[in-house]
Amino acid sequence: MQKLRVAIFTLLTAGVFVSSHAAELVVTDGGSIMQAVRAAKPGDTIKVMPGEYKETVYVDKNDLTIKGVIVGGKWPRLEGNDELSDGFLVAGSNIVIENFHIANHRSNGIMLQGATNFVIRNNVVEHSGGNGVYGIFPMAARNGAIEYNVALGWLDAGLYCGMCENVDIRFNEFYDNGSGIQVENSHNVLVEANATHDNMNGIAIVMITGWKIKTISGIIVRNNILYNNNKPNEVPVDSVFSLITPGTGVFVFGADGTIFENNVFNGNVTAAIVITDHRVATERGLIAIDPETDPNPDKIQVLRNLYWNNGMAPVGYVKEYVEQRAVGTGKTLADIVAIGGGSNNCLSEPKSVTAIGTDDWTICPDDLSTQDVQTMRLQDPLPIVEIPLEEKGEFVYRAVCSGCHASGLRLIGPNFDLVRQVYKGRPEALAEYITSPTKKYPTYPPMPPQDYLPEEVRLEVARYVLEMGRDG
C-alpha cells in the first residue's frame, strides 16, 4: 500500500492524474506526457490537456491511446524549438495519437518505427522554419490509418510512407512542404480525399533502390485535390529526391501498379502527372542499378480525372523532354508526361487529356474502377509479435535507419557504403556515435540521437549495418 501511495504521489506532482479505475491518465500543463506513457498499462488512455509540452514522447508499449483534449480552441502543443529531434516516436502496436499540435522538431513531428495497427488522427504537424525533415513519418509501418491531419512547412515531405503495408492516408491537408505525400517501396496504400497544395510536388510514388523491399504495388490515388504545387525543389542536387520535379501534381518514379482515379489537378505548372523510369537517375549517377529492382513504371492506370491549367511552364528535364517531343505535334503543354520505359500502362479517355510519351499506352476499359475498395487496412489487427534481441538489428535498421540511409544512393543522410568505410570492424564505435551524433558532413542535416534505444539494441543495429553488405 505504501508503494502505491508513493507512485500516485509521484504522478500527481508530475502533472499526471490517474483515475480511480487506472484506465485513464490525465496530463496537465507543466506535466510530462512521457512520464504518463511510462506509467500506462495496455488498454489505458492518456488524455493531455491544453498547454505546451517540450519533450520527445517515445511510445514502445502496446495498446495505448494518447489523446489531446481541445478546450475553447486551445490544443496541447508539443514544441521542439528546433532543438528536439522528434515529437512522437511510436514503436508499439495498437497505438492511437490524436488531437495534438506538434511544432518545430528538427527531424520529424510523428515517426512510426515499425508500428502496427496504428491510428494518427486530427493532428497539426508543422515546422515554421521549413527545415524539419518529415511531418508524419511511418517507416516499415503496417495496418494503420493517417487521417484528418494537417502538415505544413517540412523540407522533404508532409507525410513520408516508406516500406509500409496496408495503410489508409485519407482526409488530410498538406501544404508548404517539399512533397505533400511520398509513398516509397510500399504495398497496399490508399491515398484518398486529401488536399495537397502549394508544395513543391503534391504526391510522389517512388520505387528506389538500396532497400530490402524491392517492389511497390497496390497504390490507389483517388478523390484528391492537387493544386498549385509549384515551390522549388530545395533538396541537395546529389540526392535522388532532387529528381522530383517541381510543379507536379503527382510524380511517379519507377513504381508499378499505381491507379489514379477521380482526382482534381489544377495549376501545377510542369504537369498534372509525371511518370518516369530509373534512367533519369542512373544517368546522373544518383542511384546504383539494382538487378533485383524493376526500373520501369509498369501497370499504371490513369482513369477518369479532372485537369485544368496544368503544364503551362514545365521545368528541368521534364521541360526538355516536352519540348523535344512537341516538335511537329503542335503540343506546347501536357497534363501527363511519361518519360522512358514501362509496359501494360493504360489511360482513360485519351482524347480528353493532353499527354506526351504515352503513345504505346492502351485505353483503359470503361468499367475499370477502384470504388469497390473501401480500405487497405486489414479486417483483423495484426498480432503483436515480440522480436528477439538477435533480430532487432535488422528490425531497427528497416524501421528507423532506412528512412534516411540506403546503399548506393543518397537519401537524407550519407549512404551506408560510406558508413561502412568509416566504421568497418568497429560496431561499438558506431553504436556510441548514434547515441549522441555530431554533425560530420556540412551538406547533410544533423542526425537525431538514438539514445532512446536500449544500449544492447544500438549495438545490434550497428552490427547489422556493418555486416549487411550492399543489398541493404
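Computed from a predicted structure; not experimentally measured.

Enquirer: I'd like a description of the overall build of the protein, backed by residues and values.
Expert: Along the protein, the regular secondary structure elements total eight helices and 35 strands. Dimensions of the protein along its principal axes, counting C-alpha atoms only, are 85 × 55 × 40 Å. The 472 residues of the protein split such that 57% are buried. Taking as baseline every contact in the protein between residues at least 6 positions apart, the subset at least 24 positions apart corresponds to 61%. Per element, the accessible surface of the protein, about 19400 Å² overall, is 53% carbon and sulfur. In the protein, which carries 38 positive and 55 negative side-chain charges, the distance between the mean positions of the two groups comes to 4 Å.

Enquirer: Which residues make up helix H7 (residues 427–435), and what values go with them?
Expert: Within H7 the residues assigned to the buried category are Pro427, Leu430, Ala431, Tyr433, Ile434 and Thr435. Tucked into the core, H7 has its buried residues touching helix H6 (416–423) and helix H8 (455–467).

Enquirer: An account of the pairing of strand S18 (residues 165–170) is requested, with residue identities and associated values reported.
Expert: Judged by how many residues are buried, S18 sits mostly within the fold: five of six residues are covered. Here five bridges tie S18 to strand S21 (residues 187–192), and the two strands are oriented parallel to one another. Bridging from a neighbouring strand, Ile169 pairs with Val191 of S21.

Enquirer: Explain the pairing of strand S7 (residues 76–79) residue by residue, including any values.
Expert: With three bridges connecting them, strand S4 (residues 51–53) and S7 associate as parallel partners. Residue pairing across strands places Gly51 opposite Pro76, the latter belonging to S7. Sheet analysis places S7 next to strand S10 (residues 101–103), joined by three bridges and oriented parallel. Following the sheet pairing, Leu78 is matched in S10 by Ile102.

Enquirer: Can you tell me about the state of the cysteines, naming the residues and giving the values?
Expert: Taken as a whole and assessed by the stated rule, the structure comprises one disulfide. Note on cysteine connectivity: Cys346 is disulfide-linked to Cys364, with sulfurs 2.1 Å apart. Its S-S torsion of about 100° marks the bond between Cys346 and Cys364 as right-handed, since a negative value means left-handed. Highlighted residues: Cys346 in strand S33 (residues 346–347) and Cys364 in the loop between strand S35 (362–363) and helix H5 (389–399), separated in sequence by 18 residues. Each member of the pair, Cys346 together with Cys364, is buried. No disulfide involves Cys161; its sulfur sits 3.1 Å from the nearest other cysteine sulfur, which is in Cys164. Owing to a relative accessible area of 0%, Cys164 belongs among the buried residues under this scheme.

Enquirer: Account for the nonpolar core, with residues named and values stated.
Expert: It is characteristic of soluble globular proteins that their nonpolar side chains tend to be buried jointly. Ranked by size, the top nonpolar core spans 129 residues in total, and within it Ile66, Phe88 and Ile273 carry the most contacts. At six residues, the largest contribution of residues to this core is made by H8. In contact with Ile273, not counting residues within four places along its chain, are Val250, Phe260, Phe265, Val302, Tyr307, Asp335, Ile336 and Val337.

Enquirer: Got a sec to walk through H5? Specific residues and values, please.
Expert: Those residues of H5 that sit buried are Gly393, Val396, Tyr397 and Ala399. Contacts from the buried residues of H5 go to strand S11 (108–113), strand S14 (132–139), H6 and H8.

Enquirer: With reference to specific residues and values, describe the pattern of salt bridges.
Expert: Applying the stated criterion to the full structure yields 15 salt bridges. The residue Asp290 makes a salt bridge to Lys214 at a minimum N-O spacing of 2.8 Å. Here Asp290, found in the loop between helix H3 (279–282) and strand S30 (301–302), pairs with Lys214, found in the loop between strand S23 (201–206) and strand S24 (217–222); they are 76 residues apart in sequence, far enough to count as distant. Like Lys214, Asp290 is buried. Salt-bridge contacts for Arg420 lead to Asp417; the nearest nitrogen and oxygen are separated by 3.0 Å. On the criterion of helical spacing, the pair formed by Arg420 and Asp417 is a turn pair, its members being three residues apart in helix H6. Of the two residues, Arg420 and Asp417, neither departs from the other in class, the shared state being buried.

Enquirer: Describe the sheet that holds S4, naming the residues involved and giving the relevant values.
Expert: With respect to topology, 10 strands assemble into an open sheet ordered S4-S7-S10-S13-S16-S19-S22-S25-S28-S31, the strand pairing being parallel. Strands at the two margins of the open sheet, each flanked by one partner only, are S4 and strand S31 (306–308). Within this sheet the neighbouring strands show an average axis-to-axis angle of 10°, counted without direction. Sheet analysis places S10 next to strand S13 (residues 124–126), joined by three bridges and oriented parallel. Across the sheet, residue Ile102 finds its bridge partner in S13, namely Val125.

Enquirer: Please give an account of the environment of Ala40 that cites residues and values.
Expert: For Ala40, the position within the fold is in the loop between helix H2 (33–39) and strand S3 (45–48). According to the relative accessible area criterion, Ala40 is buried, its value standing at 6%. Distance from Ala40 to Ile300, taken between C-alpha atoms, is 46 Å for residues 260 residues apart in sequence. Those residues in contact with Ala40 that lie beyond four places of it in its chain are Leu25, Ile46, Lys61 and Leu64.

Enquirer: Describe in detail the environment of Gly31, supporting the description with residues and values.
Expert: As for its position among the elements, Gly31 is in the loop between strand S2 (24–27) and H2. Gly31 sits in the buried class, given a relative accessible area of 13%. Between the C-alpha atom of Gly31 and that of Tyr53, which follows or precedes it by 22 residues, the distance is 7.7 Å.

Enquirer: Which residues make up the packing of aromatic side chains, and what are the values?
Expert: Enumeration over the complete set of coordinates arrives at eight aromatic pairs. With a centroid separation of 4.6 Å and 55° between ring planes, the pair formed by Tyr58 and Tyr452 is classed as tilted. One end of the pair, Tyr58, is in strand S5 (residues 57–59); the other, Tyr452, is in the loop between H7 and H8, and 394 residues separate them in sequence. With a relative accessible area of 14%, Tyr58 lands in the buried category. When the ring of Tyr148 is compared with that of Phe171, the centres are 5.0 Å apart and the planes differ by 15°; the resulting orientation is stacked. With Tyr148 in the loop between strand S15 (142–147) and strand S16 (150–152) and Phe171 in the loop between S18 and strand S19 (173–175), this pair connects stretches of sequence that are 23 residues apart. Take Tyr148: its relative accessible area is 43%, and that puts it in the partly exposed class. Residue Phe171 is classed as partly exposed on the basis of its relative accessible area of 35%. Three or more aromatic residues joined by ring pairs form one cluster here, namely Tyr134, Phe137 and Tyr160. Just above the ring of Tyr317 sits the side chain of Arg284; from NZ or CZ to the centre is 5.1 Å.

Conventions used here
- Residues numbered from 1 in each chain as written.
- Predicted model: local features only at pLDDT ≥ 70, side-chain atom pairs only at ≥ 80, totals over all residues.
- Heavy atoms only, no water.
- Helix = DSSP H or I, 4+ residues; strand = E, 2+ residues; numbered from the N terminus.
- Buried < 20%, exposed > 50% of the residue type's maximum accessible area, 1.4 Å probe, protein only.
- Contact = heavy atoms within 4.5 Å.
- Areas by Shrake-Rupley, 256 points an atom, 1.4 Å probe, with all protein chains shown as cover.
- Lys, Arg positive; Asp, Glu negative; His and termini not counted.
- Charge placed at Lys NZ, Arg CZ, Asp CG, Glu CD.
- Pairing = 2+ DSSP bridges.
- Disulfide = S-S within 2.5 Å.
- Core = buried A, V, L, I, M, F, W, Y, C linked by side-chain atoms within 4.5 Å.
- Salt bridge = Lys/Arg side-chain N within 4 Å of Asp/Glu carboxyl O.
- Axes fitted to C-alpha atoms, helices over the stretch in contact; angles between N-to-C directions.
- Phe/Tyr/Trp six-rings, centres within 6.5 Å; stacked < 30°, edge-to-face > 60°.
- Lys NZ or Arg CZ within 6 Å of the ring centre and 35° of its normal.

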